[in-house]
Amino acid sequence: MAHTNESMVSEFVLLGLSNSWELQLFFFAIFSIVYVTSVLGNIMIIAIVSSDSHLNSPMYFLLSNLSFIDICQSNFATPKMLVDFFVEHKTISFEGCMAQIFLLHSFVGSEMMLLVAMAYDRFIAICKPLHYGTIMNRRLCIIFVFISWAVGILHSVSHLAFTVDLPFCGPNEVDSFFCDLPLVIELACMDTYEMEIMTLTNSGLISLSCFLALIISYTVILITVCHRSSSGPSKALSTLTAHITVVILFFGPCIYFYIWPFSRLSLDKFLSVFYTVCTPLLNPIIYSLRNEDVKSAMKKLRNRHLSFWKTREHHGGT
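About the criteria used
- Residues numbered from 1 in each chain as written.
- Predicted model: local features only at pLDDT ≥ 70, side-chain atom pairs only at ≥ 80, totals over all residues.
- Heavy atoms only, no water.
- UniProt positions renumbered as here; feature names shortened; annotations may be inferred.
- Core = buried A, V, L, I, M, F, W, Y, C linked by side-chain atoms within 4.5 Å.
- Buried < 20%, exposed > 50% of the residue type's maximum accessible area, 1.4 Å probe, protein only.
- Helix = DSSP H or I, 4+ residues; strand = E, 2+ residues; numbered from the N terminus.
- Contact = heavy atoms within 4.5 Å.
- Pairing = 2+ DSSP bridges.
- Axes fitted to C-alpha atoms, helices over the stretch in contact; angles between N-to-C directions.
- Parallel < 35°, antiparallel > 145°, perpendicular 65-115°, else oblique.
- Left-handed = near helix turned anticlockwise from the far one by under 90°.
- Nonpolar A, V, L, I, M, F, W, Y, C, P; charged D, E, K, R; others polar.
- Disulfide = S-S within 2.5 Å.
- Patch = residues over 30% accessible without salt bridge, like charges linked within 9 Å, V, L, I, M, F, W, Y side chains within 5 Å.
- Areas by Shrake-Rupley, 256 points an atom, 1.4 Å probe, with all protein chains shown as cover.
- Salt bridge = Lys/Arg side-chain N within 4 Å of Asp/Glu carboxyl O.

If you look the protein up in an unreviewed UniProt entry, it shows as Olfactory receptor from Capra hircus. Note on the protein: under the UniProt heading Function (unreviewed entry), the record states "Putative odorant or sperm cell receptor." Comment text from UniProt for the protein, heading Subcellular location (unreviewed entry), reads "Cell membrane".

In structure tokens, the structure reads:
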């Protein structure tokens, strides 16, 4: 369907989470805390992993890269949502909307692939421990990170290539706090059935294939751990529980959206908020609170800073 620039909408209106002023203030307070905590928590993980030589292993290298993706995901839409709680007419430019779609799918696609890489790391560590150092070297870890970003960006570009050229000539209200791809596609002035199928296929393939790969990996790992020893698998099980919890909480809403992407229920906004605002908190909370190595490194970093400031105070007072 041909269209001209004159027929294109220049901006979209975001309807947000609620019209109630009291609810918006409540949401602002809650999501501000979640946003700041997730950003600082993930920065803390990167700082701890890079400063502690005991955490110089493939698992923590991948974990710090996961934290970096979570910092990016925290910032693609949440700051604008927080500002928009105090704005009556919430708008976003066409370019800004396309940028949000591109960033979200890049970060989500990258995180999926990185979670698969982390599962592979645990698989080698537990199922082939004698070969772990040989197989999981720094070069392979860097390749995993590169592939995860490449897949995420390609996944996103494949969506954007079709969305940018859609004729948006009239309706421009997006019933969310950010430009959610299925909601934006529905606003096009044409039959979008084929686009909806393409979106579902593209996103469904990457999410379901990654999820199945993770389920198979962790099933094999859990069987191996249980068969190896009846007394000593507690530490491995604790690490695996953290990984599996993140996978379920990350992929649960994701698969829901991709199975029913174009039927909107009241539950959808709640899941959108959880997915975009709360998911980046999973990494620092679940991995840090359940990981003795990270907690130990955290204490050492804190003690180092305390001794540094005490030394400065002592020299300043003499």
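### Notes on the nonpolar core
Counting 66 residues, the largest nonpolar core has Phe 31, Met 112, Leu 115 and Phe 251 as the members making the most contacts within it. The leading source of residues in this core is helix 4 (residues 94-127), at twelve residues. What Phe 31 contacts, discounting residues up to four positions off in sequence, is Leu 17, Met 81, Leu 82, Phe 85, Val 273 and Val 277.

### Some thoughts on the sheet that holds strand 1 (residues 11-14)
The mixed open sheet is built from three strands, whose spatial order is 2-1-3. Lying at the two open borders of the sheet, with one neighbouring strand each, are strand 2 (91-93) and strand 3 (173-174). Where strand 1 lies against strand 3, two bridges are found, and the strand directions are parallel. Opposite Leu 14, over in strand 3, you have Val 174 as the bridge partner. Docked against the sheet, helix 4 engages strand 1 and strand 2, running at close to 85° with respect to strand 2.

### So, the packing of helix 2 (residues 58-75) against helix 6 (residues 138-163)
Closest axis-to-axis distance for the helix 2/helix 6 pair is 10 Å, and the angle between their directions is 25°. Looking at the two axes, helix 2 sits roughly parallel to helix 6. Read as a crossing pair, helix 2 and helix 6 show a hand that is right-handed. Side by side, helix 2 and helix 6 meet where Pro 58, Phe 61, Leu 62, Asn 65, Phe 68 and Ile 69 of the first sit next to Arg 138, Cys 141, Ile 142, Phe 144, Val 145 and Trp 149 of the second. Looking at the contact of helix 2 with helix 6 residue by residue, the classes come out as ten nonpolar, one polar and one charged.

### Structural notes on the state of the cysteines
The final tally for this structure, using the stated rule, is two disulfides. At a sulfur-sulfur separation of 2.1 Å, the disulfide partner of Cys 97 is Cys 179. Between Cys 97 and Cys 179 the disulfide shows an S-S torsion of about -120°. By sign, it is left-handed. Placement of Cys 97 in helix 4 and of Cys 179 in the loop between strand 3 and helix 7 (181-185) is noted, with a sequence separation of 82 residues between them. Among the cysteines of the protein that take part in disulfides, numbered as they appear in the sequence, the pairing is 1-3, 2-4.

### What about a nonpolar patch on the surface?
On the surface, a nonpolar cluster with roughly 310 Å² of combined accessible area is contributed by Trp 21, Leu 25 and Phe 86. Judged by relative accessible area, which is 45%, Trp 21 ranks as partly exposed.

### Here's the deal with the environment of Leu 40
Tracing the backbone shows Leu 40 in helix 1 (residues 21-51). For the pair Leu 40 and Ile 71, spaced 31 residues apart in sequence, the C-alpha to C-alpha distance is 8.7 Å.

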